[in-house]
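Notes for the structure review
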Amino acid sequence: MIKDIQHEILKLKKEKDICILAHCYQSPDIIEIADFVGDSFALSVEASKVKNKTVIMCGVRFMAETVKILSPDKKVILSNPDAGCPMAEMMDKEVIAEVKQLYPDYTVVAYINTTSELKTVCDVCVTSSSALKICKKIENKNILFIPDCNLGDWIAKQLPEKNFKLLNGGCPTHAKFSDSDVIKAKKKHPDALFLVHPECKPEVVALADYVGSTTGIMNFAKESSAKEFIIGTENSIVTHLQLACPDKMFYPLSKDCICHNMKATTLVDVLNCCKGKFGEEITLDKDVFEGAKRCIDEMIRLG
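Owing to the predicted nature of the structure, the values given are computational and were not obtained by experimental measurement.

Axis separation between helix 3 (residues 40-49) and helix 4 (residues 61-70) bottoms out at 9 Å; the angle between their running directions is 35°. Every pair of crossing elements has a handedness; the one defined by helix 3 and helix 4 is right-handed. Residues S40, F41, S44, V45, A47 and S48 of helix 3 pack against F62, M63, T66, V67 and L70 of helix 4. Split by residue class, the contact of helix 3 with helix 4 holds 7 nonpolar, 4 polar and no charged.

Okay, here's the thing in structure tokens:
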């Protein structure tokens, strides 16, 4: 059944000139039919390079918006219209505009996990893998980092020469982890290295053997000579690593680390997107497009 659906998707995407993007948190059956798999911004860059006129993003809304910004002439479809991101949606343009008035001499750095509308009032975007490099390059020593205070804290500790202002926001999925979860997991698997995403709480990150983006975690595990790993990010990464490296052991830090928005997309959703029966085409107002693009362009300029 799954193979039949996958075969039909592959047939349709070839017939209709469709490029399929899948974030790393998607299920294996979707990843198998994707043209590109990876972190959100890297997928947007790949989409901008292909000749396909239609792109389906198997991820969440802000990711599809970023694809549209980098590929304005392409038709961009969000595979499941209900797939949002609580972190991206927890701060809006009006609130941050007011905060900027309180800190007029601060450069506003927005994590890529924000809405396009919010990006219009920010100075530069960053990804989890580029945040340290870009914040270091910013000439201003004062940085207002939004929305993820955990990622911001991790960056701030590595750049003591900068003044960071953090707001109370972040990823509710990664925020579920506690240091007691880490202690328990390490006691259960004493030979395992602990790999963690910087969206986790500072006390969790402090116990890590490696801190990095989703792709960074996967690459580290694949290239490491170690044979056991505790994975401190969304649990789909445990599954993907188990399939990629069956000679190694991978353990979830917690069975509860599941992003329900990422799980909203199913293989049949992708099939129906290819048929033109499901999904949502992403459109952006001119002002939002231009403002968000400026923010993303500055990220590209800095690194």
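Structure shown, so let's carry the discussion forward.
This part is about the packing of helix 4 against helix 15 (residues 286-302). Taken N-terminus to C-terminus, the directions of helix 4 and helix 15 make an angle of 90°; their axes are 10 Å apart at the nearest point. The pairing of helix 4 with helix 15 is recorded here as roughly perpendicular in orientation. Contact with helix 4, carried on its side by T66, K68, I69 and L70, involves F289, A292, K293 and I296 of helix 15 and no other residues of that element. Split by residue class, the contact of helix 4 with helix 15 holds 5 nonpolar, 1 polar and 2 charged.

This next bit is on a negative patch on the surface. Taken together, the side chains of D92, E94, E98, E117, D285 and D287 present a region of like negative charge at the surface. On the secondary structure map, D285 appears in the loop between strand 13 (280-281) and helix 15.

Now for the state of the cysteines. Applying the stated criterion to the full structure yields 0 disulfides. Among the cysteines around C58, which has no disulfide bond, C273 carries the closest sulfur, lying 7.1 Å off. Cysteine C274 shares no disulfide, and the gap to the nearest cysteine sulfur, in C273, comes to 6.9 Å. The class for C274 is buried, based on a relative accessible area of 2%.

With that out of the way, let us pick up the environment of C295. By the secondary structure assignment, C295 is in helix 15. Take C295: its relative accessible area is 0%, and that puts it in the buried class. The spacing of C295 and K141 is 154 residues in sequence and 18 Å in space, taken between C-alpha atoms. If we ignore the near neighbours within four places in the chain, the residues touching C295 are K119, C122, D123, V124 and C125.

Next up on the list: unusual backbone geometry. Residue P147 is reached from I146 by a cis peptide bond, and omega for that bond is -10°. Of note, P147 is situated in the loop between strand 7 (142-146) and helix 9 (149-158). Its identity is not glycine, yet D17 carries a phi of approximately 60°, on the positive side.

Thresholds applied
- Residues numbered from 1 in each chain as written.
- Predicted model: local features only at pLDDT ≥ 70, side-chain atom pairs only at ≥ 80, totals over all residues.
- Heavy atoms only, no water.
- Axes fitted to C-alpha atoms, helices over the stretch in contact; angles between N-to-C directions.
- Helix = DSSP H or I, 4+ residues; strand = E, 2+ residues; numbered from the N terminus.
- Left-handed = near helix turned anticlockwise from the far one by under 90°.
- Contact = heavy atoms within 4.5 Å.
- Nonpolar A, V, L, I, M, F, W, Y, C, P; charged D, E, K, R; others polar.
- Parallel < 35°, antiparallel > 145°, perpendicular 65-115°, else oblique.
- Patch = residues over 30% accessible without salt bridge, like charges linked within 9 Å, V, L, I, M, F, W, Y side chains within 5 Å.
- Areas by Shrake-Rupley, 256 points an atom, 1.4 Å probe, with all protein chains shown as cover.
- Salt bridge = Lys/Arg side-chain N within 4 Å of Asp/Glu carboxyl O.
- Lys, Arg positive; Asp, Glu negative; His and termini not counted.
- Charge placed at Lys NZ, Arg CZ, Asp CG, Glu CD.
- Disulfide = S-S within 2.5 Å.
- Buried < 20%, exposed > 50% of the residue type's maximum accessible area, 1.4 Å probe, protein only.

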